[in-house]
Amino acid sequence: MSTRIPNKEKYLFLVVSFAIWFPHFIYLPILSPYMEVMGGTYTFIGLVLGSYGLMQFLFRMPIGITSDLLKLRKPFIICGLVIGALSCFLYAFTDSLGWILVARSLAGIAAATWVVFAVVYSSYFSDREVHRAMSSISFVVVLAQLLGMMFSGFLVNAWGWQTPFWIGGFVSLTGAVLAFFIYEPKSAVPKTPVNLRDLTSVIREPQLLKIALLSILAHSIIFTTTFGFIPTYVTSIGFEASDISLIVFAFMIPHAIATLFMGKMIVPRLGNWRSLKYGFLMAALFTLLTPLVESKWLLLSVQGFSGFALGVLFPLLLGMSIESISHEKRATAMGVYQALYAIGMFVGPLVAGMLNSSFGLAAGFYFTGLLGLTACVLIVLWEKKKSNKEFKRYSLSS
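As annotated in an unreviewed UniProt entry, the protein chain carries the name MFS transporter and is attributed to Halalkalibacter alkalisediminis. UniProt annotates the protein chain under Subcellular location (unreviewed entry) with the comment "Cell membrane".

Enquirer: How should I be thinking about the overall build of the protein chain in this particular structure?
Expert: If you tally the helices and strands in the protein chain, you get 15 helices and zero strands. For the protein chain, buried positions account for 55% of its 398 residues. Considering only contacts in the protein chain between residues 6 or more positions apart, those separated by 24 or more positions represent 86%. Counting every atom, the protein chain has about 17,500 Å² of accessible surface; 68% of that belongs to carbon and sulfur.

Enquirer: Help me understand the packing of helix H1 (residues 7-26) against helix H6 (residues 114-122) in this model?
Expert: Helix-helix packing: each pair is described by the crossing angle between the helix axes and the interaxial distance. Contact geometry of H1 with H6 gives a least axis separation of 11 Å together with a crossing angle of 165°. Relative to H6, the element H1 lies roughly antiparallel. Considering how the two elements wind past one another, H1 and H6 form a crossing that is left-handed. Contact with H1, carried on its side by Lys10, Phe13, Leu14, Val16, Ser17, Ile20 and Trp21, involves Trp114, Phe117, Val120 and Tyr121 of H6 and no other residues of that element. Here the contact of H1 with H6 is composed, by residue class, of nine nonpolar, one polar and one charged.

Enquirer: Honestly, helix H8 (residues 163-179) in this entry has me stumped. Any pointers?
Expert: One full turn of an α-helix is made of 3.6 residues, so residues set three or four places apart face in the same direction. Taking 1.5 Å of rise per residue, the 17 residues of H8 would be expected to cover 24 Å, and the 24 Å separating its terminal C-alpha atoms lies within 8% of that figure. Listed in full, the buried residues belonging to H8 are Thr163, Pro164, Phe165, Gly168, Gly169, Ser172, Gly175, Ala176 and Ala179.

Enquirer: Is there a simple way to explain the nonpolar core in this structure?
Expert: Side chains that are nonpolar tend, in soluble globular proteins, to be buried together. Formed by 114 residues in total, the largest nonpolar core has its most connected members in Phe13, Trp21, Tyr27, Ile77, Leu214, Leu276 and Phe280. When residues of this core are assigned to their parent elements, the largest contribution, 14 residues, is made by helix H10 (residues 206-236).

Enquirer: Looking at this model, I keep getting lost on the pattern of salt bridges. Mind explaining?
Expert: When their charged atoms lie close together, side chains carrying opposite charge are able to pair. Taken as a whole and assessed by the stated rule, the structure comprises one salt bridge. As a salt-bridge pair, Glu383 and Lys277 come within 3.3 Å of each other at their nearest N and O atoms. Residue Glu383 is found in helix H15 (residues 361-397), and its partner Lys277 is found in helix H12 (residues 272-289); the two are separated by 106 residues along the sequence. Taking the relative accessible area as the measure of exposure, Glu383 reaches 23% and is therefore partly exposed.

Enquirer: So what exactly am I meant to see when it comes to the side chain of Thr113 here?
Expert: Among the structural elements, Thr113 can be located in the loop between helix H5 (97-112) and H6. In terms of polar contacts, Thr113 uses its side chain to reach the backbone carbonyl oxygen of Ala110, at 2.6 Å. When residues no more than four places from it in sequence are discounted, the contact partners of Thr113 are Ile20, Ile63, Phe76 and Gly80.

Enquirer: Could you clarify how one ought to interpret H12 in this entry?
Expert: Taking 1.5 Å of rise per residue, the 18 residues of H12 would be expected to cover 26 Å, and the 26 Å separating its terminal C-alpha atoms lies within 8% of that figure. Looking at H12, one finds that the buried residues are Trp273, Ser275, Leu276, Lys277, Gly279, Phe280, Ala283, Ala284, Phe286 and Thr287.

Enquirer: What am I meant to see in a nonpolar patch on the surface here?
Expert: Taken together, the side chains of Phe139, Ile257, Leu260, Phe261 and Met265 make up a nonpolar region of the molecular surface, amounting to roughly 480 Å² of accessible area. Here the element with the most residues in the nonpolar patch is helix H11 (residues 241-270); it accounts for four residues. Relative to the assigned elements, Met265 resides in helix H11.

Enquirer: In this structure, what is going on with the environment of Gly64? I would like to understand it.
Expert: Along the chain, Gly64 falls in helix H3 (residues 42-70). Residue classification places Gly64 among the buried positions, given a relative accessible area of 15%.

Enquirer: Teacher, can you tell me more about the packing of aromatic side chains here?
Expert: To describe a pair of aromatic rings, one takes the distance between the centres and the angle between the planes. What the rule picks out here adds up to 22 aromatic pairs. Taking 4.9 Å as the distance between ring centres and 15° as the angle between the ring planes, the aromatic pair formed by Phe286 and Phe305 counts as stacked. With a gap of 19 residues between them, Phe286 in helix H12 and Phe305 in helix H13 (residues 296-320) connect regions that are remote in the sequence. Its relative accessible area of 18% is what places Phe286 among the buried residues.

Enquirer: I keep staring at empty space enclosed by the protein and nothing clicks. Help me out?
Expert: Empty space among the atoms can be located by rolling a probe the size of a water molecule over them. According to the stated counting rule, one finds one cavity of 30 Å³ or more in the structure shown. Volume-wise, the largest cavity comes out at about 30 Å³. What lines the largest cavity is Thr225, Ile230, Phe286, Thr287, Thr290, Val302, Gln303, Ser306 and Phe365. Each residue belonging to the lining of the largest cavity can be placed in one class, and the counts come to four nonpolar, five polar and no charged.

Enquirer: What's the story with the packing of H3 against H10 in this structure? I'm lost.
Expert: Direction vectors running N to C along H3 and H10 enclose 145°, while the axes themselves pass 11 Å from each other. Between H3 and H10 lies a crossing whose hand is right-handed. Contact residues: Tyr42, Ile45, Gly46, Leu49 and Tyr52 in H3; Phe223, Phe227, Gly228, Phe229 and Thr232 in H10. Partitioned by chemical class, the residues of the contact of H3 with H10 number seven nonpolar, three polar and no charged.

Rules used throughout
- Residues numbered from 1 in each chain as written.
- Predicted model: local features only at pLDDT ≥ 70, side-chain atom pairs only at ≥ 80, totals over all residues.
- Heavy atoms only, no water.
- UniProt positions renumbered as here; feature names shortened; annotations may be inferred.
- Helix = DSSP H or I, 4+ residues; strand = E, 2+ residues; numbered from the N terminus.
- Buried < 20%, exposed > 50% of the residue type's maximum accessible area, 1.4 Å probe, protein only.
- Contact = heavy atoms within 4.5 Å.
- Areas by Shrake-Rupley, 256 points an atom, 1.4 Å probe, with all protein chains shown as cover.
- Axes fitted to C-alpha atoms, helices over the stretch in contact; angles between N-to-C directions.
- Parallel < 35°, antiparallel > 145°, perpendicular 65-115°, else oblique.
- Left-handed = near helix turned anticlockwise from the far one by under 90°.
- Nonpolar A, V, L, I, M, F, W, Y, C, P; charged D, E, K, R; others polar.
- Expected span 1.5 Å × (residues − 1).
- Core = buried A, V, L, I, M, F, W, Y, C linked by side-chain atoms within 4.5 Å.
- Salt bridge = Lys/Arg side-chain N within 4 Å of Asp/Glu carboxyl O.
- Polar contact = N/O pair within 3.5 Å; in protein donor to acceptor, adjacent residues only side chain to side chain.
- Patch = residues over 30% accessible without salt bridge, like charges linked within 9 Å, V, L, I, M, F, W, Y side chains within 5 Å.
- Phe/Tyr/Trp six-rings, centres within 6.5 Å; stacked < 30°, edge-to-face > 60°.
- 1 Å grid on protein atoms, 1.4 Å probe; cavity = no way out; pocket = protein on both sides within 12 Å on 5 of 7 lines; lining within 4 Å.
- Points joined across faces, edges and corners; volume = space filled by probe spheres on them.

See the structure below:
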């Protein structure tokens, strides 16, 4: 049934998916410098940046469970886009730091509806084609991030700080209108709601918890650096607002390339855990190097390597989060995983902002680099524990 859905329905859904993410990234590179210009402290900037992740942590599972209970998907998609538009327009109209915190929190609620997007789009495909579906929609997410962040600095230079917010708001509204016309197959709606017992058993899965912890650390890194204080650092060392787009471009292109080739070239050669270990090590080292670099071209290189490393980590962690979960519980596992890694999107920028306020902008990067090294240590310990178990099993069997 799924494979007979016309391509035009799939393309329309991908356009709507683009519209949920593009508005939240077109202003992201200029958000922290904008708040700094308005008089925001690094602690407050960290709070605003982290509120996006906190709202996703609080709302992702309730949205998914409510959608299952009501057996409705499309209304949540439309609401997500409308809330996203409200967030952008609130940025554009206000000159209050308090309302900016509210606007960023609304953006987090809008992003939390992504759980529903993924369920509907996967229902357009047969079970054998689900990986292809996730690849397509993941590419749209990366494309929205890349295009949004690439033009942000240029828009500010040309027409002022408010421009990205206005554009983001109108894109969200356009997406909301288009969302009324998307197709929602009956297979997108579960026959039975999520069972609390299933949810509890999934949360106790050791593999899921380990991967979720690593994902918390990975999201702390990206939301503290590229999606957080990198733009502030760029302007603090004398670069122009337009240079922010160049820095973002240097990060996002290798990030996208790594996402595309990770499954074909890197993981088959190194294996899951070694790929994670080297990815975190690379991300940690280049994050620690960042505050030592004041040359534009060196900073571009550092961002490029960091982008590649994180591009390996995110899709790998996503796949590993559900590989040990039975098929009938994978949707629940994905909801749990996405809710847990949102902790990193909140705690990372908040702690880094507090450190930056107390000890200077470099402190946040050193803290974030240590998070990457912590992930490496955890992976080594888990690998060693697994090897010891396998050795004992082999000894007993022989």
